[in-house]
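Now for the letters of each chain:
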Amino acid sequence: MATIVAALIAGAISFVNLTLTKEQKTSEFRQAWIDALREDLATFFATIRAFSRAHQELQLFGKDNKDDAPLAITGEMVSNLRYQVAETKYRIQLRLNPKEKEHIELFRLMNVAMDTQQRVIERKAETNETLLAVEAAASYAPDVLKKEWDRVKKGEFPFRLVRNWIAPAIIIISIGLMTMFWFGMLNT
């Protein structure tokens, strides 16, 4: 009887440890995902701002007047900024979950910023509109990151299930089995 009780307890503890270890790793991966998303969002917003300012400078000073231009952004730099915006947009898009409303809204706001930027290039909008669109997306992004961080702190569902229900149940059952075994040993 003692061997069976010990085996049950060892099996239960192994199950709990396996679940907790797996969920800890999932939380680590989620945290890395949050950090990478934060970095890409910062790059995306900063690059659109830089591109908008470069375009604004180009409009103010013309492409040939480098002496009066305070930033002297070259055409090659503008091309690199456009590429970086597109690249980070797609990295972000691949990280976002198309089924979560906060992710959908963040991506929509990012697209508004990019569309506004394109309209500025086509002279159908002002640079300030792009900057406002970038700020709107940047202001919304912390909500998405906070929600994901809360998910990491709370733990995945299997972790919460083990922590809140299974582990206490195993402890109670183990104590009950040991008590029954102990009283059974005393009565013999």
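Presented here is a report on the structure given in the accompanying data block. Just so you know, these numbers come straight off a predicted model, no measurement behind them.

Here we come to the overall build of the chain. A tally of regular secondary structure across the chain gives five helices and zero strands. Beginning at the N terminus, the succession of helices and strands in the chain can be written as α-α-α-α-α. Taken across its 188 residues, the chain has 31% of its residues classed as buried. Taking the contacts inside the chain whose residues are at least 6 apart along the sequence as the reference set, 76% of them involve residues at least 24 apart. In the structure as shown, the chain presents an accessible area of about 12000 Å², 63% of it carried by carbon and sulfur atoms.

With their axes 9 Å apart at the nearest point, helix α3 (residues 101-121) and helix α4 (residues 127-154) run at an angle of 165° to one another. Taken together, the axis directions place α3 and α4 in an arrangement best described as roughly antiparallel. The handedness of the crossing between α3 and α4 is left-handed. Mapping the contact onto sequence places E102, H103, E105, L106, L109, M110, V112, A113, T116, Q117, R119 and V120 in α3 and T127, E129, T130, A133, V134, A136, A137, Y140, A141, V144, K147 and E148 in α4. Here the contact of α3 with α4 is built from residues that sort into 13 nonpolar, five polar and six charged.

In this section: α4. The end-to-end C-alpha separation of α4 is 41 Å, in line with the 40 Å expected for 28 residues at 1.5 Å each. Along α4, the residues classified as buried are T127, T130, L131, A133, V134, A137, A141, V144, L145, E148 and V152.

Once that is clear, we can look at the packing of aromatic side chains. According to the stated counting rule, one finds one aromatic pair in the structure shown. Between F44 and F45 the ring centres are 5.7 Å apart and the planes differ by 70°, which places this aromatic pair in the edge-to-face class. Each member of the pair, F44 as well as F45, is classed as buried.

This part covers the nonpolar core. With 21 residues, the main nonpolar core has L41, F44, F45, I92, L106 and M110 as its most contacted residues. With seven residues, the single largest contributor to this core is α4. In this structure L41 touches I92, L106, M110, A141 and L145, once residues within four positions along its chain are discounted.

Time to look at the pattern of salt bridges. Tallied over the full model, the rule gives 12 salt bridges. Residue E148 is joined to R30 by a salt bridge in which the shortest nitrogen-to-oxygen separation is 3.2 Å. Of this pair, E148 sits in helix α4 while R30 sits in helix α1 (residues 2-61), and the two are 118 residues apart along the sequence. The buried category is assigned to E148, whose relative accessible area is 1%.

Reading the values: rules and limits
- Residues numbered from 1 in each chain as written.
- Predicted model: local features only at pLDDT ≥ 70, side-chain atom pairs only at ≥ 80, totals over all residues.
- Heavy atoms only, no water.
- Helix = DSSP H or I, 4+ residues; strand = E, 2+ residues; numbered from the N terminus.
- Buried < 20%, exposed > 50% of the residue type's maximum accessible area, 1.4 Å probe, protein only.
- Contact = heavy atoms within 4.5 Å.
- Areas by Shrake-Rupley, 256 points an atom, 1.4 Å probe, with all protein chains shown as cover.
- Axes fitted to C-alpha atoms, helices over the stretch in contact; angles between N-to-C directions.
- Parallel < 35°, antiparallel > 145°, perpendicular 65-115°, else oblique.
- Left-handed = near helix turned anticlockwise from the far one by under 90°.
- Nonpolar A, V, L, I, M, F, W, Y, C, P; charged D, E, K, R; others polar.
- Expected span 1.5 Å × (residues − 1).
- Phe/Tyr/Trp six-rings, centres within 6.5 Å; stacked < 30°, edge-to-face > 60°.
- Core = buried A, V, L, I, M, F, W, Y, C linked by side-chain atoms within 4.5 Å.
- Salt bridge = Lys/Arg side-chain N within 4 Å of Asp/Glu carboxyl O.

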